[in-house]
Amino acid sequence: MMLMSSCGEYNKLLKSQDPDLKYSYAKKYFNQKKYVRSATLLEEIVHYFRGRAEAEESLYLLAQSYYGQKDYITASEYFKTYYNTYPKNEFTELARFYGAYGLYLDSPDPRLDQAQTYESINQFLMYLEYYPQSERAKQAQEILFELQEKLAYKEYLAARLYYNLGTYMGNNYNSCVLTVDNALKNYPDTKYREDLTYLKLCSKYELAIVSIDERLQGRYREVVDAYYNYMNEFPGGKYAKQVKKYFDYANSKIEKYY
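Residues numbered from 1 in each chain as written. Predicted model: local features only at pLDDT ≥ 70, side-chain atom pairs only at ≥ 80, totals over all residues. Heavy atoms only, no water.

Novice: Can you lay out the overall build of the protein chain for me, pointing to particular residues and giving the numbers?
Specialist: Helix and strand counts for the protein chain come out as 12 helices and 0 strands. Going residue by residue from the N terminus, the α and β elements of the protein chain occur as α-α-α-α-α-α-α-α-α-α-α-α. Radius of gyration (C-alpha) of the protein chain: 28 Å, far over the 18 Å computed for a compact globule of 258 residues. Along the three orthogonal principal directions, the C-alpha set of the protein chain runs to about 90 × 40 × 30 Å. The burial tally for the protein chain puts 47% of its 258 residues in the buried class. Within the protein chain, residue pairs in contact and separated by at least 24 positions form 56% of the contacts whose partners lie at least 6 positions apart. In the structure as shown, the protein chain presents an accessible area of about 14800 Å², 51% of it carried by carbon and sulfur atoms. For the protein chain, the separation between the mean place of its 34 positive charges and that of its 34 negative charges on side chains is 3 Å. (Helix = DSSP H or I, 4+ residues; strand = E, 2+ residues; numbered from the N terminus. Rg over C-alpha atoms; globule rule 2.2 N^0.38 Å. Buried < 20%, exposed > 50% of the residue type's maximum accessible area, 1.4 Å probe, protein only. Contact = heavy atoms within 4.5 Å. Areas by Shrake-Rupley, 256 points an atom, 1.4 Å probe, with all protein chains shown as cover. Lys, Arg positive; Asp, Glu negative; His and termini not counted. Charge placed at Lys NZ, Arg CZ, Asp CG, Glu CD.)

Novice: Requested: an account of the confidence of the model for the protein chain, with residues and values cited.
Specialist: Residues at a pLDDT of 70 or more form 96% of the protein chain, whose mean pLDDT is 92. The low-confidence segment residues 1-5, where pLDDT is below 50, has 0 contacts with residues more than four positions distant or belonging to other chains. (pLDDT = per-residue confidence, 0-100.)

Novice: How would you summarise helix 5 (residues 72-85) if you had to cite specific residues and measurements?
Specialist: End to end, helix 5 covers 19 Å across 14 residues, agreeing with the expected 20 Å (1.5 Å per residue, within 8%). Within helix 5, burial applies to Y72, A75, S76, F79, Y82 and Y83. Axial view of helix 5: buried residues confined to an arc of 120 degrees, hence all on one face. In the core, the buried residues of helix 5 are packed alongside helix 4 (54-68), helix 6 (92-105) and helix 7 (115-130). (Expected span 1.5 Å × (residues − 1). Arc of directions from axis to C-beta.)

Novice: Describe the side chain of Q114, naming the residues involved and giving the relevant values.
Specialist: By the secondary structure assignment, Q114 is in the loop between helix 6 and helix 7. From its side chain, Q114 meets the backbone oxygen of L112 in a polar contact 2.9 Å long. (Polar contact = N/O pair within 3.5 Å; in protein donor to acceptor, adjacent residues only side chain to side chain.)

Novice: How would you sum up a nonpolar patch on the surface? Please name residues and give values.
Specialist: Taken together, the side chains of L161, Y162, L165, Y168 and M169 present a nonpolar region at the surface, about 560 Å² in accessible area. Tracing the backbone shows M169 in the loop between helix 8 (137-165) and helix 9 (173-186). Using a relative accessible area of 74% as the deciding quantity, one classes M169 as exposed. (Patch = residues over 30% accessible without salt bridge, like charges linked within 9 Å, V, L, I, M, F, W, Y side chains within 5 Å. Salt bridge = Lys/Arg side-chain N within 4 Å of Asp/Glu carboxyl O.)

Novice: Would you mind going over the environment of D71 in detail, with residue names and values included?
Specialist: In this structure, D71 sits in the loop between helix 4 and helix 5. Looking at D71, its side chain comes within polar contact range of the side chain of T74, at 2.9 Å.

Novice: Tell me about the nonpolar core, and please be specific about residues and values.
Specialist: Core analysis: the largest hydrophobic core is formed by 78 residues, its most contacted members being Y82 and F124. If sequence neighbours within four positions are ignored, F124 has contacts with F97, A100, Y101, Y104, A140, I143, L144 and L147. (Core = buried A, V, L, I, M, F, W, Y, C linked by side-chain atoms within 4.5 Å.)

Novice: Residues and numbers for the environment of F91, please.
Specialist: With respect to the helices, strands and loops of the structure, F91 is situated in the loop between helix 5 and helix 6. On the basis of relative accessibility, which here comes to 16%, the residue F91 falls in the buried class. Considered as a pair, F91 and L207 are 116 residues apart in the sequence and their alpha carbons are 56 Å apart. Apart from residues no more than four positions distant in its own chain, F91 is found in contact with E56, E57, Y60 and Y82.

Written out as structure tokens, the structure reads:
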């Protein structure tokens, strides 16, 4: 009976022409965490409050109602509308933070398109620019690093795929090297740095193996250079034994053709 009464009350509100009544119930539903109901009511009335004291809070509550439903993309758009409309008001800092944080929560698997990850990064960078001393600044920085690691891992997966493809449908080792170079440039402090560096050396080695005679010497010297780069950075690295084998082989070929 209580459920039926609640549904009846809500249905009457939907038919009501009183925006103030709808607003009071939207806040009530929001506090009860009935976010679908609060969002539905607020969507209907938010434009009525333009120029009124309720305009700011109603827009922020609308964004939070979508956030509560885990519809982070829609929430982010309303948060953005809020802080662009009210750049220095009561909820501006929270709107900037939750707009970025929602996209972070919705950031997909590294194998998928990372448009939301990039947008979350951009919004967190803007948040830190506006609020560098905020109590949430440390959390924002930690999330930024986590998102950048996700992008670095995506680059590593792409480079590894090129390496595994080898000479299928062309020479994919060059693409592997290029992808690694871009990843190391964009994410120099990534925890995947050693794996990327090793993958680059492996690709250099495979490029030498399949090279024509005129390019053999240069390619084997590149293997040697890649070996020294790896060992200088990771002297006790987990791939040290394997890269030593590549180095010895490349050196033997250089001496043979010298």
